[in-house]
Amino acid sequence: MLNKFADYRPKLRNPGRRAEPTFQQVADRWWEKKSRELAFGSLKSYTPCMARAVDLFGPYKAREISAGDIAGFLNDMKDADFSAKVIANQHCVLNMIFDYYCEEYGGAVNASRMVRNPQRGRKTRRSRPTVYQRSLLDGQVSASGGGLFLGFLMYTSARKGEILALQYQDIDLERRTISISKSITYMGNAPIVTKTKTENSVRENPILEPFLPVLEQAFSRQHKKTDYLIGGPEPITSSRFNKMWLDLLEPIGLTGITDGAAWKGGRKKQRKALVTPHQLRHEYAYSLYKAGVPELLAKTLMGHSDIRTTHNIYTELGQQDITDSARLLNAYYEARDVSEESRDDY
């Protein structure tokens, strides 16, 4: 992957001879400090960005790298079909490296902040499950394994990693609350307990009435307070989770088949989930919207840092909303016409 941008090097000016730091010297010092501060998920996202930047710009003087050089790099990433999110992460890392250059080395300008992200980068839209898919999932909620995981997805705002990190001690049946304060991420197959995505992600969710009997049944099983609700004494591994999710979806027809890795000269077929956990988080957020929960409260429940995320991303309108709008408008026009006829009678 790093070699994709090797052909771009000649576009840069030759390194100067002044006693100025190279981009790699600046980036290495910044990374040494920054990598200790990053949450595990951010570290995973930023590490390849750091590697790509150093691979391309490393030997050149930091002060000689222009906004045009950076824009060319980001546009090359777009042409190489990197997603909009990956390109944005790459730009963010460059911004921080050049900020560090200005602060620590007296750089006059952050050239990266003069550049906009390329337009029309590939975006992946994660919508809610369809009404039919949701009807199939409703019957799969249970008090253990994938069914319990599904219940948390459908009746709380918890993200996948946050659910997998839940321990019995995080559930208060008497107060009917769920405390969300940590998350599971994966290094290969191994689960790692980390902080939540942001400080705003530390929150409480109410235990809703449809989910209460399921949790009570889960608590009736023998367990320790420190056991994980999904996994037992230790968090569930990545491979076990993937199998659990696919095993839940397959009987109700929500899996497909995709080409996997090369296998004995051919391609090994693999199961593919047709519904993702994050889609059900969208569904929960949409339920908050439809139930009339105020936006600020919805933001807190969802653990969003920015109210715009709550407002713009999760309140996706469906066909039923359009039908409802037609009903409301028809009622309005009918009432207006009746009112105008009454005035005409006078």
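The sections below set out a description of the structure shown in this document.

Here we look at the packing of aromatic side chains
Moving on, step 1. Within this structure, the stated rule accounts for 12 aromatic pairs.
Moving on, step 2. Seen from their ring centres, Y100 and Y105 are 6.4 Å apart, and the 65° between their planes marks the pair as edge-to-face.
Moving on, step 3. Judged by its relative accessible area of 9%, Y100 is buried.
Moving on, step 4. An angle of 40° between the planes, with centres 5.9 Å apart, marks the rings of Y286 and Y289 as tilted. Taken together, the residues span about one helical turn, with Y286 and Y289 both in helix α10 (residues 277–290) at a distance of 3 residues.
Moving on, step 5. One aromatic cluster is present, formed by F23, F57, F73 and F98 through successive ring pairs.

Things to note about the sheet that holds strand β5 (residues 203–206)
Moving on, step 1. Spatially, 3 strands are ordered β1-β2-β5 in an open sheet, and the strand pairing comes out antiparallel. Two strands in the sheet have a free side with no partner beyond their single neighbour: β1 (171–172) and β5.
Moving on, step 2. The pairing of β1 with strand β2 (residues 177–180) spans 2 bridges and is antiparallel. Paired with D172 across the bridge in β2 is T177.

A few points about helix α1 (residues 23–34)
Moving on, step 1. With 12 residues, α1 extends 16 Å between its outermost C-alpha atoms, agreeing within 8% with the 16 Å of an ideal straight helix rising 1.5 Å per residue.
Moving on, step 2. If you check which residues of α1 are buried, you get F23, V26, A27, W30 and W31. Axial view of α1: buried residues confined to an arc of 125°, hence all on one face.
Moving on, step 3. Of the surrounding secondary structure, the elements contacted by the buried residues of α1 are α2 (40–57) and α4 (84–105).

Remarks on the packing of helix α3 (residues 67–79) against α4
Moving on, step 1. Between α3 and α4, whose axes approach to 10 Å, the crossing angle comes to 160°. Put simply, α3 runs roughly antiparallel to α4. Here α3 and α4 pass one another in a crossing that is right-handed. Judged by residue contacts, I70, F73, L74, M77 and K78 of α3 engage V86, I87, Q90, H91, L94 and F98 from α4.
Moving on, step 2. Looking at side-chain class alone, the contact of α3 with α4 contains 8 nonpolar, 2 polar and 1 charged residues.

Looking at helix α8 (residues 212–220)
Moving on, step 1. Of all the residues in α8, the buried ones are L212, V214, L215, A218 and F219. Along the axis of α8, the buried positions cluster into a sector of 160°, meaning they face one direction only. Projecting away from the buried face of α8 at angles above 90 degrees are the exposed residues Q217 and S220.
Moving on, step 2. The inward-facing, buried residues of α8 abut α6 (145–155), β1 and β2.

What counts, and at which threshold
Residues numbered from 1 in each chain as written. Predicted model: local features only at pLDDT ≥ 70, side-chain atom pairs only at ≥ 80, totals over all residues. Heavy atoms only, no water. Phe/Tyr/Trp six-rings, centres within 6.5 Å; stacked < 30°, edge-to-face > 60°. Buried < 20%, exposed > 50% of the residue type's maximum accessible area, 1.4 Å probe, protein only. Helix = DSSP H or I, 4+ residues; strand = E, 2+ residues; numbered from the N terminus. Pairing = 2+ DSSP bridges. Expected span 1.5 Å × (residues − 1). Arc of directions from axis to C-beta. Contact = heavy atoms within 4.5 Å. Axes fitted to C-alpha atoms, helices over the stretch in contact; angles between N-to-C directions. Parallel < 35°, antiparallel > 145°, perpendicular 65-115°, else oblique. Left-handed = near helix turned anticlockwise from the far one by under 90°. Nonpolar A, V, L, I, M, F, W, Y, C, P; charged D, E, K, R; others polar.

Taken by themselves, the reported measurements are silent on function.
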